[in-house]
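Structural description and commentary
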Amino acid sequence: MDEIDLQPAAIRTVAEFTAALRGLKARSGLTLRQLESRAAARGDVLPRSTVADLLRKRTLPRRETVAAFVRACGEEDRSAEWMEAWALLASAGAHRDAHQEAHQEVHPDAAAGVAQKRSPSTGSGPRRRLAFAAAGLTLTAAVAAGVLLIGHLASSGSHATGTVTGRPPALLPVVSAGSWVRIRPARSPDLCLTAGKERSGRYRSEVAVQRPCAEPGPRSFIQPRDDDLAYVKWEHPSSKAMGCLTILDSGPAKGLVEPQENCLADKDAQLFRVERFGSTAAERYRLRRAHTALCLGIPDGETTAGVEAVQQPCGEQSGQSFLIDLLPQTAGPS
């Protein structure tokens, strides 16, 4: 395939998009197995069978599958371009389907026609942790007018171009300026996600654990970006310093979550998509790490106070289900 055919901005049809993806694979020189391995190394899920289907199907692939494939092919720096091309095609498909069937429900990513764009880093330097009281979560806070839709549920149903065949994903409504929240494990609603100590003692800094909501501790704030991602911030109860919850990728606390001072625009470990979780009427959500198939969860759905939140593959585990309360309006963090 000519290099010009690998320019996402030049793509006009789903067929051209699929051909361009085949061109990416050819240019990468990687086998299906190697693509699967490269994706897994960065926390993405990209089975060989999925890639094979991606490269031959006549309908627009799922957004997350395309994103993982592009990154595995070594096109991470141009990911925003590929996702913009995907969004434009999805939007065109959504409008066509809406015209054909007035009551057909449209996938929010398609209706919006907005590409997922990763902002350039706002800074660099050594990781800095915030000290928080090792106790529960007392929160006050905010829902103002105007809604930013954060995240979409990666449904297990099949997707046609720009549409969802099963139950449409629900989205957490958060004002564009951000909202104070209370995050509670659905299996233990009297507990809140807050600061505490890792129980084995192998890590001395404070991490995210579940503790009684009545106990004092940091306030939680969800700060959306201009895409479907958001930071989850904690405010220190005394100093009022803000820190972004960060998934640790190495060291003795690998997989745990701690607040860090530096909130970086291009750090997947600090960005989450807040998605509706489960099929019940209750509004339950899960916190999916940006650009991955990894979610925060309470191991084995434990209901004991002090259990740490950990990163784990997204699935149907009850421990990944959270109640997120948007709290009464008050000033956001400075």
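Preceding this paragraph is the structure being described.
Before going into details, it helps to say that this report is about the structure given with it. (Residues numbered from 1 in each chain as written. Predicted model: local features only at pLDDT ≥ 70, side-chain atom pairs only at ≥ 80, totals over all residues. Heavy atoms only, no water.)

1. As for the overall build of the chain
When its secondary structure is counted, the chain shows six helices and 16 strands. Sorting the 334 residues of the chain into buried and exposed places 52% on the buried side. Relative to all contacts within the chain whose residues are 6 or more apart in sequence, the contacts with residues 24 or more apart total 67%. A total of about 14,900 Å² of accessible surface is found on the chain, and carbon and sulfur atoms cover 50% of it. (Helix = DSSP H or I, 4+ residues; strand = E, 2+ residues; numbered from the N terminus. Buried < 20%, exposed > 50% of the residue type's maximum accessible area, 1.4 Å probe, protein only. Contact = heavy atoms within 4.5 Å. Areas by Shrake-Rupley, 256 points an atom, 1.4 Å probe, with all protein chains shown as cover.)

2. Quick word on the state of the cysteines
Summed over all chains, the structure comprises three disulfides. There is a disulfide in this structure between Cys 192 and Cys 213, and the S-S distance comes to 2.0 Å. As the torsion about the S-S bond is roughly 100 degrees, the Cys 192-Cys 213 disulfide counts as right-handed. With Cys 192 in strand S6 (residues 191–196) and Cys 213 in the loop between strand S7 (207–212) and strand S8 (219–224), this pair connects stretches of sequence that are 21 residues apart. You'll find Cys 192 and Cys 213 in the same group, each marked buried. (Disulfide = S-S within 2.5 Å.)

3. Digging into the nonpolar core
Within the largest apolar cluster, 29 residues are counted, with the highest numbers of intra-cluster contacts made by Phe 17, Leu 21, Phe 69, Trp 82 and Trp 86. Of all the elements in the fold, those that place two or more residues in this core are helix H1 (14–28), helix H2 (32–41), helix H3 (48–54), helix H4 (63–72) and helix H5 (79–100). For this core, the element with the most residues is H5, which contributes seven residues. With residues near it in sequence (within four places) discarded, Trp 82 still touches Leu 6, Pro 8, Ile 11, Phe 17, Ala 20, Leu 21, Leu 24, Val 70 and Glu 75. If you look at the next biggest cluster of nonpolar residues, it comprises 25 residues, including Ile 183, Val 257, Ala 269 and Tyr 285. (Core = buried A, V, L, I, M, F, W, Y, C linked by side-chain atoms within 4.5 Å.)

4. Quick notes on the packing of aromatic side chains
Following the criterion strictly, the structure yields two aromatic pairs and no others. Ring geometry for Phe 17 and Trp 82: centres 6.3 Å apart, planes at 70 degrees, overall edge-to-face. You can see Phe 17 sitting in helix H1 and its partner Trp 82 sitting in helix H5, a full 65 residues away along the chain. A residue is classified by how much of its surface remains accessible, and Trp 82, at 0% relative accessible area, is buried. Between Trp 180 and Phe 221, the aromatic rings sit 4.9 Å apart at their centres with planes inclined by 70 degrees, giving edge-to-face as the arrangement. (Phe/Tyr/Trp six-rings, centres within 6.5 Å; stacked < 30°, edge-to-face > 60°.)

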